[in-house]
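Chain by chain, the residues run as shown.
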Amino acid sequence: MSESRIDSPERDFHHPYTPYKIQLDFMNALYDTIEEGKIGILESPTGTGKSLSLICGAMTWLRDHQSLSRLNLYQGTDQDDSEPSWVREYHEKTLNEQKLRKYRELEARIRRVRDTEKREKTNMRTKNWLGLSDETRNPLKKAKAADTNNDEGSKFIVDDWDSDLEDVKSKYGANCKEISNVSSEVQELLKKLVGQTGDNREDEEQDEFDEEVKIFYASRTHSQLTQFVQQLRLPKFPASELYQSESNLRHVPLSSRKQLCIHPTVSRLRDLNAINDKCTELQQNPVDRKCPYMMNEREVDDRVKSRDFRDRVLSDIRDIEDMAEIGNSMHVCPYYASRGAVQMSEVVTLPYPLLLQSSYRKALSISLKNQIVIIDEAHNLLDAITSLFSMAISYSDIVRSKSCVETYLAKFSKRLNGGNKVYISQIIKLLNVLELFLVGFNGSNGAEVSQNDVLLKDGVDTINIFKIEHYLEKSKLARKVESYATHLVESATIDDKENKQKRKKVIASVPVLSKIMSFLMALTNPSNEGRVFFEQVNGDRFLKYLLLDPSFHFKSIVEEARCVILAGGTMEPVGDYMRYLFPYVPIERIRTLSCDHVIPSENLGAWTIATGPTGTDLTFTFDRQRIDMIGQELGRTIANLMFVIPDGMVVFFPSYKYMEEVCLCWKKMLPNASMTLWDQINKRKTIFQEPRDSAQVEAILSSYAQALSDKSAVQQPLKTGGAILLAVVGGKMSEGINFSDYLARGIIMVGLPFPNAKSADMVAKRRYVERITYDEIQQRELALLRDQYSDEAAIPPSKIVEIENACRQAADGASREYYENVCMRAVNQSIGRGIRHAKDYAVILFVDSRFGNARIQNKLPKWIRDRMTTGPTTDMKIGSVLRNVREFFKAK
C-alpha cells in the first residue's frame, strides 16, 4: 500500500490531544475521502490512535457539512466566467436561500413532532394521575391483561394466506387491502392513492431525518465497539450552525439481543440462537404471556415510553451496557426501542452482521443512502463476508425439519386455509428432495455438487423458491413449527422422560427450517459467486455452500453509501480488497493510505533468521520427517534469543498442532544433555502456552503478566529473564490483546501460517481466482487482437495459443498471490501486538528463511518493512541477528 500524498489545508479536527503528524495525515485523508465520495483503505498501526483519528476526521467533516458554510451549492456548480459578477452572486444567493429554506422547513417539522410528543406525554400523565392507567409503571401488570383467546393451539396457527393478495401488497404496498379480485385499472388507481390517507404523517415527518448524513461505524466484536464508544466521549465538537439547540453529538449503539435483552428469563440463555427463538416466541404468545418490555406502537402510552427512551439515549454518549440499564429503569426493551433513535442520531455503532446483511438493515430500518460507512478492523472483512454468507445443512437437519413440518400439518390441517396448505406441501416436497439427494449422493468427501443437481430434481424447478421464502418470512411458519415441536416435547409424560430429554436436546437448536431455506436461497445465486460441496462428518452428511465472491454482497453498501472507509492497523496486502471486494470500482475512486508508526525509527528492530545455531536451514513446513530436527533447532534459537531479549517474549506458531508438536520435541531428552530444551528455556524465562480452550485464556494471560511484574522474581536465581508466551497465529491471543512495554520486548514469528492448500474451501477459492483472472486476461487480449485484425477469422492460431499460455500463467500467479496474501494477513495481525504507544520499543524476528524473499517482505506493513534490515543470506544467520538484537536493547 503506497502512502497517499496529503495536500489538504490546515483543519481543526478538535482532537483531544496534540495529534502526531501521522494522525493529521490520517484525518485529512479521511476528510478528503468523505468529501469526494470515494472509497478509502486507510492503514494506521495499532497504538497510533486510529479510533480517535476516525472519530475526529469523520465528525469534523459532518459538522462542516451541517454548518451554513457548507450550504453553498454554487461552489459545486459550473460557473460561466463570461457572466457578470452580479449575476453569479445573485445565482449563488438564490441557491443558498433555497437550501436554507429547506432546512428551516425541516426544523419546523421537527418542532411539530416534538410538540406532538409533549402533548401525548401530558395526556398520559393526566391519565395516570386520575388512576386510569398505571400499566406503564409495572410491565408485569401490563403483561397480565385479560386474554380473550383461551384456545391453546391457536398460537401455533399461521394466519390465512392469499398468494394473489400478497403479490398485490408487494407491488403496491401493505396499505392495499383485499383487492386481489379487482381489475388492473382499479389496482393502478389504488396504487396512486396508497399513502395519501395521512395516517402516517408523523412517521413521514420523522423520516425527514433520513436525509441527514450519519456515520455508521462497524467493528467485529462487542469489546471493540465498547472501546470505540469510550474514545467517542473524549473529543468536543462545536455546535452545528444548523442545529444550535442540539449541539451534543447524537450517538446510538446497536447490537444483538444477546447484548441488549433485559427479559430475566431470556437474558439468562447463553446461545444467541436460543435467545432469538425465545424472544420471538414471547412476541407470539397470548397477551397475558407476551414480553412485558415490548412496546406496542399503536398504544399512545407505549409510544411515549419509546420516545422517552430514545431521548435519554441521545442525550449522552452511551455504550451497550448503558442501553440495558436505561431499558431496565424504564421497563422498555432496548433491542427494539434503540431503533427509534437511529433516525435522529449522528453516529451509529453496530457489529459487522447488522451492517453487512441486508436482512438486518431492513429489520432495523437502516438506509445507507448517502451515508458514511466506516468499517474498522477491516483486515477481517473478506473473511467476515465469506463466513456470513456461507452455510451448511446436514441430513439430520433435513430429517428433523421434515418431521416437524409433517407433524404440524397433520395436527392443524383442518384449520389452515388453502394458501397455507399449498405452501406447506411445497416445503415438504423440497425437504423430501434434499433428503433423497443426500441419501443417494455417492461422491467423495469434499466433492463439488452442481447447484442445478439440487434445484432441478424431481419437479423442484416448478416451485418458486422466492415465493416460499416470502411466505416463510411473512407467515412466521418456521417459528410456529418450532414452537409447536417444543410444546410437544414439554408436554411429554413423566413415563416418557428419557425420550423427552432426547427430543428436547434435538429441538432446542437452531430453527432448522429457516436454516434450510437460507441454504436454498443461496443456491439461487449465480454459480460463479459460490460453490456447493458434499461433506461427511461423524456419520452425518452435509451440503455446504461456500461464498467465493464477497463483492456481490458488499456492492449494495458501496452503491448506496456516500463513501465507504475500510480502516485497520494492518491492511496489507491491500491488493486483495481492490481485486475481490471492489472489482467494479474505478481505481481512481479508491484512496489508500499507509501511515508510519508514532514510535521513532530506532524503537523497532526487525530481522529475519534463516539458519539456526547449528547451521540448520529454518524453513518450517509440517514435515514429520523434519519436525524433530527443526523443532530442536528452533528451541536452540529461542534459548539463545532469551539471553539478549529482556522481559517478555511472545512466540507465534502457525497452528495449535504445530506448537504442540514443537513443545513435545523440546521436552525430549537429547543424548549427552543434562536437561531438555524445555527446561533450559523455562529456567531463564517461565514458559506459558496458549490453551485451545478460550475459557482459560484470561487466566494464562494474567499469570504471564504476573510473572513479568513480580519484583520478587529478581531475587530468584536464573529467573531474571522474565517470561515467554507461546501463542498461535489466528488464535485467541493474536488479535485484540495488547502486549505493551515489558509484556513483549520480542515478537517472534515462527514459519508462515499458510492455510491447508488441499481443503475443499481453499481449492475452490483458488480455482475461482484462477478463473476470473483467466477470463479477464483473455477478454482484454482478444479485444486487442480484434482491433489489429479486421476479420476475426484472420487472427493467426499461434496468437490464440500465446494468449491461452499467458492466461494460464497469469491465473497461476494470481492463485499463488491469493494464497500468500491469506497467510500474510494473519502474520501482519499477529506481529503488530508488541508496539502500543510512542515510547514503546521491541524487536520483531521472523524465524523462517522464506521471510528473506522480497515478495513476502513486500506484503508486510509499511512501518515494519521500512525498518526491516535486508541483505544477503549471511545477514540472516542467528549469530548476526543476536549481535544486532543485543545492540538494539543496549541502546535503550
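Reading guide: rules and limits
Residues numbered from 1 in each chain as written. Predicted model: local features only at pLDDT ≥ 70, side-chain atom pairs only at ≥ 80, totals over all residues. Heavy atoms only, no water. Helix = DSSP H or I, 4+ residues; strand = E, 2+ residues; numbered from the N terminus. Buried < 20%, exposed > 50% of the residue type's maximum accessible area, 1.4 Å probe, protein only. Contact = heavy atoms within 4.5 Å. Areas by Shrake-Rupley, 256 points an atom, 1.4 Å probe, with all protein chains shown as cover. Arc of directions from axis to C-beta. 1 Å grid on protein atoms, 1.4 Å probe; cavity = no way out; pocket = protein on both sides within 12 Å on 5 of 7 lines; lining within 4 Å. Points joined across faces, edges and corners; volume = space filled by probe spheres on them. Nonpolar A, V, L, I, M, F, W, Y, C, P; charged D, E, K, R; others polar.

**Regarding the overall build of the protein chain**
When its secondary structure is counted, the protein chain shows 35 helices and 17 strands. With 892 residues in all, the protein chain has 49% of them scored as buried. Taking the intrachain contacts of the protein chain between residues at least 6 apart in sequence as the baseline, contacts between residues at least 24 apart amount to 79%. Of the roughly 42,800 Å² that the protein chain leaves accessible, carbon and sulfur atoms contribute 49%.

**So, the environment of Phe-643**
Inspection of the secondary structure assignment puts Phe-643 in the loop between α27 (627-641) and β13 (648-653). Note on Phe-643: relative accessible area 56%, which makes it exposed. In the structure, Phe-643 is positioned 239 residues away from Leu-882 in sequence and 9.2 Å away in space, judged by C-alpha atoms.

**A closer look at unusual backbone geometry**
Between Glu-572 and the following residue, Pro-573, the backbone shows a cis peptide bond with an omega angle of -5°. Position of Pro-573 relative to the elements: it lies in the loop between β10 (563-568) and α26 (575-580). A positive phi angle, close to 65°, is found at Asn-370, a residue other than glycine. Note on placement: Asn-370 falls in the loop between α16 (358-363) and β5 (372-375). Under the relative-accessibility criterion, Asn-370 is labelled partly exposed at 34%.

**So, helix α28 (residues 656-666)**
Counted residue by residue, α28 has 8 buried out of 11 residues, so it is predominantly covered. Buried residues belonging to α28 abut α27, β13, α29 (677-684), β14 (686-689) and β15 (723-728).

**Some words on helix α25 (residues 551-560)**
What α25 keeps buried is the set Ser-551, His-553, Phe-554, Ile-557 and Val-558. On an axial view of α25, the arc spanned by its buried residues comes to 160°, and they lie on one face.

**Description of the layout of surface pockets**
Approximately 1,400 Å³ is the volume found for the second largest pocket. Here the lining of the second largest pocket takes 7 residues from helix α32 (residues 797-831), the largest share from any one element.

**A word on empty space enclosed by the protein**
On inspection of all chains with the given rule, the structure shows 8 cavities of 30 Å³ or more. The computed volume of the largest cavity comes to approximately 140 Å³. For the largest cavity, the full set of lining residues is Leu-382, Asp-383, Thr-386, Leu-547, Leu-548, Pro-550, Tyr-580, Lys-765, Tyr-768, Val-769, Tyr-818 and Arg-825. Every element with two or more residues in the lining of the largest cavity is listed here: α17 (381-389), α31 (760-788) and α32. In this structure, the second largest cavity occupies an estimated 100 Å³ of space. Around the second largest cavity sit 13 residues that line it, and Cys-261, His-263, Cys-279, Cys-291 and Cys-333 are the ones nearest its centre. Take the lining of the second largest cavity: its biggest share by element is 3 residues, from helix α10 (residues 272-284). Considering only residue class, the lining of the second largest cavity consists of 10 nonpolar, 2 polar and 1 charged.

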